[in-house]
Amino acid sequence: MVLNSGNCWSTPEKNSWKSTLLLAYQSLGVVYGDLSISPLYVYKSAFAEDIHHSETNEEILGVLSFVFWTLTLVPLFKYVFIVLRADDNGEGGTFALYSLICRHAKVSLLPNRQVADEALSTYKLEHPPETENGSRVKSLLEKHKPLHTALLILVLLGTCMVIGDGLLTPAISVFSAVSGLELSMSHYHHQYAVIPITCFILVCLFALQHYGTHRIGFCFAPIVLTWLLCISALGLYNIFHWNPHVYKALSPYYMFKFLKKTRSRGWMSLGGILLCITGSEAMFADLGHFSYTAIQIAFTFMVYPALILAYMGQAAYLSRHHHTIHQIGFYVSVPEIVRWPVLVVAILASVVGSQAIISGTFSIINQSQSLGCFPRVKVIHTSEKIHGQIYIPEINWILMILCIAVTIGFRDVKHLGNASGLAVMAVMLVTTCLTSLVIMLCWHKPPIIALCFLLFFGSIELLYFSASVIKFREGAWLPILLALFLVTVMFVWNYATIKKYEYDLHNKVSLEWLLALGPSLGIARVPGIGLVFTDLTSGIPANFSRFVTNFPAFHRILVLVCVKSVPVPFVPPAERYLVGRVGPPAHRSYRCIVRYGYRDVHQDVDSFETELVNRLADFIRYDWYRTHGIIEPLNEDDGTRSAASSNECRLAVIGTLAISGPPAFEIEENVEPASVSVGFQTIDSITDVIEMEQQQVMEKRVRFAIDNEESEAESRPEMDVQLQEELGDLLGAQQAGTAFIIGHSHVKAKQGSSLFKRLAINYGYNFLRRNCRGPDVALKVPPASLLEVGMVYVV
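To start, this report covers the structure provided alongside it. Keep in mind the model is a prediction, meaning the values are calculated, not measured.

1. Observations concerning helix α5 (residues 94-104)
- The element α5 is largely enclosed, with a buried count of eleven among its eleven residues.
- For α5, the set of buried residues is T94, F95, A96, L97, Y98, S99, L100, I101, C102, R103 and H104.

Encoded structure:
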């Protein structure tokens, strides 16, 4: 049986359109909350001190023309029709693009990679004929190690800007919505009311995060839909009532006319105009929760027309009300009779938009942590049914404090808009660069197509980015400072993590050493299961050897567990566990590699322990029946065996598949040993030493079923007794208790290291390690079952 990978939204043909329309409706509350509330502050930010609205209306019509074409080119053409197709098994976002690139070119910095990972059903690669120039680009990327690091830094920069957007979007959204009170109270009362009300709403928003969005998420889509209908109706009313000829501003001619008249002031105002596409990145980032068709339908037929009508309506009103030169904003164009209801809907919509970006920030930090690029934090899953809804307490309260501080410190839409705009454009520039690589490496298109994509959309985004950077002293410094800080933290953590792995790889001990411990040191085997966590996929970690030599005893059942991340979004449960023996069956030692994708939900410790024991039992049965010739492998090919320890058994994929009939097992097995250590000629790069088999692996698929255990026992009583004895030992050890043996490390740079390395390791990494969650929290290990082994790493 070959596992079929499919998207979670796959439905029968007769229900496909109904399901797609339902997903399109649901996407309004999750994907488009941020983008739909941009009319609240775009015109106010564009006209903030840089340009002024005059009697000729050239300024307001020019801004409308820029808004229309920006919305059309970036969200509609770039994202909806191009970038959304660059999905990773239905998943989107910065890490999805990076994952695709790493699978098609050997540029990943993840340690403990194995060829067996490429057999995952979600690791699927397309292999159309590659162009000659595309192959040259691929070879160039793979050959130069600094390009690997530069690519990672680019991804981390985009990730940090998304986190910065998660800080700024709630502030500017709620502040702009609450600012509507200025038309209903005096200026004196307004200046003392807006900030406290905004801060109160923000505190409530962050305080409710631990409940999860599934409790209140059912009302998100209706709120955003109501808001879109509201701004559409207001736009149509203002167009027909004030200026039906405002549609002429959709011509690109008005953009050139605007820039010709305003010159440098008009160019600087682009930093406010770009806020009309704030939230466009969410269409790609949240692709995994919906489908390409659903997001495309929702934007093309609902969000895009509503936004265009809203901006045209505001422009039509302002073209006939030049006396509002100092009050340009959303609420001045709202008729007084409906101003209060619109204010309430706007505040609710701003909360929904803020919620979406906060949840996205939690998600991307969790992905960064799973790929070893962020210090460990506590991740709480708030919903058992809805995938991906998580809550991170530390990040939530830090975001709340910073968000309130920014609101009180700036207290101005202009400065908030400058900061938010730069973060948005930085993310889009990173997406454009990564997508151009995907076009060449993954889609195998000619490089000229990728270059045209990069130049066309990159030039548009660079124009807006330059208008934001020039306002460095007026708020744009905040996302830059935040990004530099976060990139430093994430890169230092990733750098030290890989250095630790290299140290483990060079200082691991052989299996023969473990097998020879008994007679030499009088090792005692105590009841229970010992789970030794390590990053290695072969050999014995140095911290366990230190533990055994100082305390000569370990558990009756010993399992070397490697929990590793694979550059795919999800790993099917049936393919998650790679299990093999360490030594002969009598030694009762096993190796288990547990593979997770960057969007997978890690199991809690109880279910993980139970699942691990079940997979060990399945492997024991499989190994005994295979060894004694009861099962016949199908289509087994001879593979090339490499020089590895003969005591390390090859690993088999052990999983449970829901199929009818008698109990069955399906195994994907490498004929190779698990993996071997490979050394490279130079160790200047942080990824020169990895654990990965480089030779070609021949695979085999094995299918077998045990129809009647009693008949097997009658035919082979001796073998069955040995099998039941091993299974009995496993069950008895589980009942005796499980101990989680985890390394507690201290890392320091070796003598003669560079200044950067000493600062990064001795101060940066160790400070982060002391002030972040321990590995026991990340693995959800109960304190009563935890056994930490101290280890000093000199890297």
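Once the structure has been displayed, the description carries forward.
2. A short note on the nonpolar core
- Ranked by size, the top nonpolar core spans 174 residues in total, and within it Y32 and W227 carry the most contacts.
- In terms of residues, this core owes the most to one element, helix α13 (residues 292-318), which gives 18 residues.
- The residues contacting W227, other than those within four sequence positions of it, are S36, I37, L40, F330, V342, V345, A346 and A349.
- Judged by nonpolar contacts, the second largest core, of 32 residues, contains L531, A617, Y625 and L723.

3. A closer look at the packing of aromatic side chains
- Applying the stated rule across the entire model yields 23 aromatic pairs.
- Grouped by ring-pair contacts, the aromatic residues Y32, F299 and Y304 constitute a single cluster.
- Sitting over the face of the ring of Y793, K500 holds its NZ or CZ atom 5.5 Å from the ring centroid.

4. What about the pattern of salt bridges?
- Counted by the stated rule, this structure contains 15 salt bridges.
- For E394, the salt bridge is made with R773, and the minimal N-O distance between the two is 2.6 Å. On the criterion of sequence distance, the pair formed by E394 in helix α15 (residues 393-410) and R773 in the loop between α25 (755-771) and α26 (775-778) is long-range, its members being 379 residues apart.
- Judged by relative accessible area, which is 23%, E394 ranks as partly exposed.
- The partner of R621 in a salt bridge is D618, with the nearest N and O atoms 3.2 Å apart. You can see R621 and its partner D618 sitting in helix α22 (residues 605-627), three residues apart, about one turn around the helix.
- A relative accessible area of 25% places R621 in the partly exposed class.
- A single salt-bridge network, built from bridges that share partners, covers E58, E59, K257 and K261.

5. Brief notes about the pairing of strand β3 (residues 524-533)
- Sheet analysis places β3 next to strand β4 (residues 553-565), joined by eight bridges and oriented parallel. Of the residues in β4, the one forming a bridge with R525 is F554.
- Taken together, the four bridges between β3 and strand β12 (residues 738-748) define a ladder with parallel strand orientation. The residue bridging I529 from the neighbouring strand is T738, located in β12.

Conventions and cut-offs
- Residues numbered from 1 in each chain as written.
- Predicted model: local features only at pLDDT ≥ 70, side-chain atom pairs only at ≥ 80, totals over all residues.
- Heavy atoms only, no water.
- Buried < 20%, exposed > 50% of the residue type's maximum accessible area, 1.4 Å probe, protein only.
- Helix = DSSP H or I, 4+ residues; strand = E, 2+ residues; numbered from the N terminus.
- Core = buried A, V, L, I, M, F, W, Y, C linked by side-chain atoms within 4.5 Å.
- Contact = heavy atoms within 4.5 Å.
- Phe/Tyr/Trp six-rings, centres within 6.5 Å; stacked < 30°, edge-to-face > 60°.
- Lys NZ or Arg CZ within 6 Å of the ring centre and 35° of its normal.
- Salt bridge = Lys/Arg side-chain N within 4 Å of Asp/Glu carboxyl O.
- Pairing = 2+ DSSP bridges.

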